[in-house]
Amino acid sequence: MSLKTNIDNSIKDAMRAKDQDRLRTLRAIKSLILLEETSATNTTGGELSADVELKLLTKAAKQRRDSLEIFIAQGREDLAEKEQIELTIIEELLPKQLTEDELKAKLEEIKARVGASAPSDMGKMMGVATKELAGLADGKVVSAMVKALLA
């Protein structure tokens with residue numbers, strides 16, 4: 001089942017349950033999907049691929065995380081709570097994130113495969129890591145761990 005169909009069904013469920021937070025978040029995600037489907041960069045003429053859907057969800061989650069950090073730093077607990085609720089709902093739709101140990105094991109395997117050994121090989125390793133770990137780990141965490149492995 002595509003993400004769009006899944007979200008449509010979830011919107012109906014949220015309406016029935018009168019869950020305004022879930023409804024607002026799901027509608028925002030549906031809006032992102034519809035905008036991407038009708039954008040000039042979408043060459044498939046309609047349905048989005050799973051990769052594009054994953055990128056949209058990841059981007060939405062990252063935006064919520066960034067906003068959450070800003071609101072907490074500014075002492076805006078009311079807005080931070082709203083962003084945290086939306087982030088939790090979006091994370092339910094994303095694939096399960098890798099644990100730190102799982103991520104380290106995958107990065108060790110990538111390091112051995114690409115032959116990275118020095119900090120100057122970070123770009124080579126990050127290129128492979130970002131493709132293989134898309135949606136499974138946050139880019140900042142991957143970057144920090146790659147830097148630590150190559151140091």
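Residues numbered from 1 in each chain as written. Predicted model: local features only at pLDDT ≥ 70, side-chain atom pairs only at ≥ 80, totals over all residues. Heavy atoms only, no water.

Okay, the overall build of the chain next. Along the chain, the regular secondary structure elements total seven helices and zero strands. Element order for the chain, N to C, with α for helix and β for strand: α-α-α-α-α-α-α. Put simply, the chain has 151 residues, and 32% of those count as buried. When contacts within the chain are restricted to residue pairs at least 6 apart in sequence, long-range pairs at least 24 apart make up 57% of them. Of the accessible surface of the chain, which amounts to about 9300 Å², a share of 55% is contributed by carbon and sulfur atoms. For the chain, the separation between the mean place of its 24 positive charges and that of its 26 negative charges on side chains is 3 Å. (Helix = DSSP H or I, 4+ residues; strand = E, 2+ residues; numbered from the N terminus. Buried < 20%, exposed > 50% of the residue type's maximum accessible area, 1.4 Å probe, protein only. Contact = heavy atoms within 4.5 Å. Areas by Shrake-Rupley, 256 points an atom, 1.4 Å probe, with all protein chains shown as cover. Lys, Arg positive; Asp, Glu negative; His and termini not counted. Charge placed at Lys NZ, Arg CZ, Asp CG, Glu CD.)

Look at Lys-18: it is not a glycine, yet its phi comes out positive at around 55°. Mapped onto the fold, Lys-18 is located in the loop between helix H1 (3–17) and helix H2 (20–38). Accessibility expressed as a relative area gives 67% for Lys-18, which makes it exposed.

This brings us to the packing of H1 against H2. Where H1 contacts H2, the axes come no closer than 9 Å and their chain directions differ by 150°. Taken together, the axes of H1 and H2 lie roughly antiparallel to each other. The interaxial crossing formed by H1 with H2 has left-handed handedness. Facing H1, whose interface residues are Leu-3, Lys-4, Ile-7, Asp-8, Ser-10, Ile-11, Ala-14 and Met-15, H2 presents Arg-22, Leu-23, Leu-26, Arg-27, Ile-29, Lys-30, Ile-33, Leu-34 and Glu-37. For the contact of H1 with H2, the residue count by class is 10 nonpolar, one polar and six charged. (Axes fitted to C-alpha atoms, helices over the stretch in contact; angles between N-to-C directions. Parallel < 35°, antiparallel > 145°, perpendicular 65-115°, else oblique. Left-handed = near helix turned anticlockwise from the far one by under 90°. Nonpolar A, V, L, I, M, F, W, Y, C, P; charged D, E, K, R; others polar.)

Residue placement: Asp-121 occurs in the loop between helix H5 (100–114) and helix H6 (122–132). Residues in contact with Asp-121, not counting those within four places in the same chain, are Gly-115, Ala-116 and Leu-150.

Taking 1.5 Å per residue, 12 residues should reach 16 Å; helix H7 (residues 139–150) reaches 16 Å between its end C-alpha atoms and fits that length. Those residues of H7 that fall on the buried side of the exposure criterion are Val-142, Met-145, Val-146, Leu-149 and Leu-150. Projection of H7 onto a plane perpendicular to its axis shows the buried side chains occupying an angular sector of 130°, all on one side. In H7, the exposed positions that point more than 90 degrees away from the buried face belong to Lys-140, Lys-147 and Ala-148. The inward-facing, buried residues of H7 abut H5 and H6. (Expected span 1.5 Å × (residues − 1). Arc of directions from axis to C-beta.)

What follows is about H6. Taken together, the buried positions of H6 are Met-125, Met-126 and Ala-129. Seen end-on, H6 carries its buried residues on one side only, within an arc spanning 100°. Exposed residues pointing more than 90 degrees away from the buried face of H6 are listed as Gly-123 and Lys-131. Buried-residue contacts for H6 involve H5 and H7.

Turning next to the side chain of Arg-64. Structurally, Arg-64 can be placed in helix H3 (residues 50–73). According to the relative accessible area criterion, Arg-64 is buried, its value standing at 11%. Apart from residues no more than four positions distant in its own chain, Arg-64 is found in contact with Ala-28, Glu-83, Glu-86, Leu-87 and Ile-90.

We now examine the environment of Arg-65. Of note, Arg-65 is situated in helix H3. Residue Arg-65 is classed as partly exposed on the basis of its relative accessible area of 27%. Spatially, the C-alpha atoms of Arg-65 and Ala-80 are 9.6 Å apart, while their sequence positions differ by 15 residues. Discounting chain neighbours no more than four positions away, the residues touching Arg-65 are Leu-87, Glu-91 and Asp-138.

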